[in-house]
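# Residue-level structural notes
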Amino acid sequence: MAAVVGSPRARRLEAVLIYVALTALTLAFLFPLVWVLGLSLKTRLQVFATPPLYLWWPTLENYAAVLTRADFGRAFLNTLIVSGSAVLLSLCVGAPAAYAFARFPFAGRSFLFFALLVMRMLPPIAVLVPMYVLFSKLGLATTRFSVVLAYTTFSLPLVVWIMRGYFETLPVELEESAWIDGASRFGTFVYILLPLARPGLVAASILCLQLAWNDFLFAAVLTNNATQTLPVLMAAFNAGDSGMDWGGLTASGMLVIVPVIVFSFAAQRHLVAGLSSGAVKG
Amino acid sequence: MKSAEDSAREVNRPAVAFADRRVSAGRLTRGTLDRYFVHAAVLPTFVVMVCVFGLPLVFSFYLSFTGWSLTQALFTGRFVGLANYEDLLTDPGFTGALGITFGYTAATVAAQMILGLGIAMLLNVDLPGMRFFRTALIVPMMITPIVGALCWKLLFDPSHGVFNQWIGQQIVWLGRPDTALAAIWVVGVWQSTTYVTLILLAGLRSLPPEPLEAASIDGASRMQAFWYVTLPMLRPFLLVALLLRTIFEFRAFDNIYAMTGGGPANATMVLSMYTYLMSFVQFDFSLGAAAAWLMLLMSMMMCLFFIAAIRRRETL
């Protein structure tokens, strides 16, 4: 921890400077979002006012318009179904593998782990091109199932890394005593380790949910009007025939990011491990 | 033969090594299900990986050596050798995209590293309220990228955007070749600087305090202590942040799709955008697959650097 050194006077001055710098940075980082939040609370006339309005009576008409659109509700539901299923699938598939990675030596262990890392890091577009061709020939393209499968390319590695790290922190003695008491490997995993690993499972789910919720590219290619997700709908607001719909765009944008902001605060403690592919522990 | 990872585990984690030994010793005395437990645990992951990752990549490798269109049946494309790759490498659109991708990645990552390190140093000072700043600063990174980019697009709007209203001009920021890429760069830096900050902050917190104390006792100025003590100790974390940001900026897509679509006049055409347009707008999947494989090879190389960096110490 870098302690502030020097005379009390110098120390106070330095603290003030640090606060000023951080406040300026925070204002700059949040300005685009705050400004757009403001736009979403303006009427059409107020949005286009020159010079820009800084004080006005906020209106919720844009939100009312967005929330009564049939396609917004459908896209919301699609996003929820698709990202929820991707997280569930990745947890069911990835958690046992993470346990194996954490505790057991097996042939191909290093290779498989390397492949998982590569799977998360390669450009999604490179996987998406052949995936789209294969899915459309199999009749899977534009289904929600195809999007769920595509999302496992990033959520499965994330689950395995986070859960492997978590299982490694659990004491081995627990499993040993269960084995001595005659429990099977499988029983030990399901009844002893999984309940203990619940915080890790929650963190992994939240981080995966956030990535899946935010995805645009996979969903843009693998969905149609009926199965599109929120980010895809957002991009469509941008490219309408009648130009950009400022009210719809700003209000729906704010609605789309509310859940992710909640997720990210919930998973703050695990963010670093998730971001760095397990290379740095938070 | 033992991999570096396994031997690192044995050295660093006696508890785990002990568990490994126990497991292999106990293996013969267990039932069949127990004997194959590890395989059963890994198999589903392996199957999913083959389906969503292995097979598509093998298929696109095959596709990149054929001339094929979506109306044909699978595997009926004509073998054309390296023609697709030759076409790409002689297409000024592709080589231009290659240059723009490298330039954009280098400029964005450099700014993220410098700004991210600065913010991490500020946040590492022990003062009340740091949690608030940390939380506020990660918001741009967490929100949906396409929404963030669209917000910036509104700010840059030529007639109603707030930037033009402030300076009283009507600059078409995203429609001019000289400003479009700079605007995309600003958004990239805004979005992911705190990614670097979080990794470096975790690094700063994990550093032992003694070397810094020794330096200050020896009369080093704070600048010297930062430059000669903190930075060298932070090197592994700087390397991880640098490699991860390079890998992720190299595949940049969402911001560019939302703000410029690769235009104006290809000024923001990065490789992801090029591959996307080639495959899903022009429907030339053979050329798209070849472009995808060239991207894959380049990012695979970066991944190898990353793995070599984290193998040295399995976790920092």
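## Observations regarding helix α10 (residues 198–214) of chain A
Between its first and last C-alpha atoms α10 of chain A spans 24 Å; for 17 residues at 1.5 Å apiece the expected length is 24 Å, and the two agree. With respect to burial, α10 of chain A is a largely interior element, 13 of its 17 residues being buried.

## Some points on the domain arrangement of chain A
Residues and elements named next belong to chain A. Partitioning chain A into domains gives domain 1 (8–61) and domain 2 (64–275). Each of domain 1 and domain 2 has a C-alpha centre, and the two are 33 Å apart. At the interface, eight residues of domain 1 touch eight residues of domain 2. Residue assignment for the side of domain 1 that touches domain 2 shows that the elements contributing at least two residues are α1 (8–40) and α2 (44–47). With four residues, α1 is the largest single contributor of residues to the side of domain 1 that touches domain 2. Of the residues that constitute the side of domain 1 that touches domain 2, the class distribution is five nonpolar, one polar and two charged.

## Focus: unusual backbone geometry
Residue and element names in this part refer to chain B. Following Gly263, the chain continues into Pro264 via a peptide bond in cis, with omega recorded as -15°. One can find Pro264 in the loop between α14 (254–259) and α15 (271–280). A positive phi angle is found at Phe283, which is not glycine, with a value near 55°. Within the element layout of this structure, Phe283 appears in the loop between α15 and α16 (285–312).

## Some points on the domain arrangement of chain B
All names here are of chain B. Segmenting chain B into domains produces domain 1 (4–81) and domain 2 (85–312). Facing the 12 residues of domain 1 at the interface are eight residues of domain 2. Mapped by element, the contributors of at least two residues to the side of domain 1 that touches domain 2 are α1 (4–12), α4 (37–63) and β1 (66–67). Looking at the side of domain 1 that touches domain 2, the element that brings in the most residues is α4, giving three residues. Looking at side-chain class alone, the side of domain 1 that touches domain 2 contains five nonpolar, six polar and one charged residues.

## Quick notes on the confidence of the model for chain B
Residues and elements named next belong to chain B. Model confidence for chain B is summarised by a mean pLDDT of 86, while 88% of its residues fall at 70 or above. For chain B, α1 is the element with the lowest average pLDDT, namely 47, and helix α6 (residues 92–123) is the one with the highest, namely 95. Scored below 50 in pLDDT, residues 1–12 shows 13 contacts in the model against residues more than four places distant or in partner chains. Scored below 50 in pLDDT, residues 25–29 makes two contacts in the model with residues more than four places away or belonging to other chains.

## Side note on the environment of Ala64 of chain A
Residue and element names in this part refer to chain A. Note on placement: Ala64 falls in helix α3 (residues 61–67). A tally of 10 C-beta atoms within 10 Å means that Ala64 is categorised as exposed. For Ala64 and Leu13, which are 51 residues apart along the polypeptide, the C-alpha to C-alpha distance reads 49 Å.

## Thoughts on the interface of chain B and chain A
Contact residues are listed per partner, giving 90 residues for chain B and 93 residues for chain A. In terms of residue count, α4 of chain B provides more of the side of chain B that touches chain A than any other element does, 16 residues in total. Classifying every residue of the side of chain B that touches chain A gives 66 nonpolar, 16 polar and eight charged.

## Some thoughts on the environment of Leu244 of chain B
Within the secondary structure layout, Leu244 of chain B lies in helix α13 (residues 222–250). The sequence separation of Leu244 of chain B and Val196 of chain B amounts to 48 residues, and the corresponding C-alpha distance is 9.0 Å. Those residues in contact with Leu244 of chain B that lie beyond four places of it in its chain are Ser276 of chain A together with Phe306 of chain B.

## Topic: the packing of helix α12 (residues 210–217) of chain B against α13 of chain B
All names here are of chain B. Between α12 and α13, whose axes approach to 10 Å, the crossing angle comes to 165°. In terms of their interaxial angle, α12 and α13 are classed as roughly antiparallel. Seen along the crossing, α12 lies across α13 with a hand that is right-handed. Listed contacts from α13 to Pro211, Leu212, Ala215 and Ser216 of α12 are Ala225, Val229, Thr230 and Met233.

## Considerations on the packing of α1 of chain A against helix α13 (residues 246–266) of chain A
Residues and elements named next belong to chain A. Here α1 crosses α13 at 125°, and the two axes come no closer than 8 Å. Taken together, the axis directions place α1 and α13 in an arrangement best described as oblique. Handedness of the crossing formed by α1 with α13: left-handed. Residues Val36, Leu37, Leu39 and Ser40 of α1 touch α13, and the partners they reach there are Trp246, Thr250, Ala251, Gly253 and Met254. Residue composition of the contact of α1 with α13, by class: six nonpolar, three polar and no charged.

Cut-off values and rules
Residues numbered from 1 in each chain as written. Chains lettered and ligands numbered in written order. Predicted model: local features only at pLDDT ≥ 70, side-chain atom pairs only at ≥ 80, totals over all residues. Helix = DSSP H or I, 4+ residues; strand = E, 2+ residues; numbered from the N terminus. Expected span 1.5 Å × (residues − 1). Buried ≥ 20, exposed ≤ 12 C-beta atoms within 10 Å, placed from the backbone. Domains from an automatic or database assignment. Contact = placed C-beta atoms within 7 Å. Nonpolar A, V, L, I, M, F, W, Y, C, P; charged D, E, K, R; others polar. pLDDT = per-residue confidence, 0-100. Axes fitted to C-alpha atoms, helices over the stretch in contact; angles between N-to-C directions. Parallel < 35°, antiparallel > 145°, perpendicular 65-115°, else oblique. Left-handed = near helix turned anticlockwise from the far one by under 90°.

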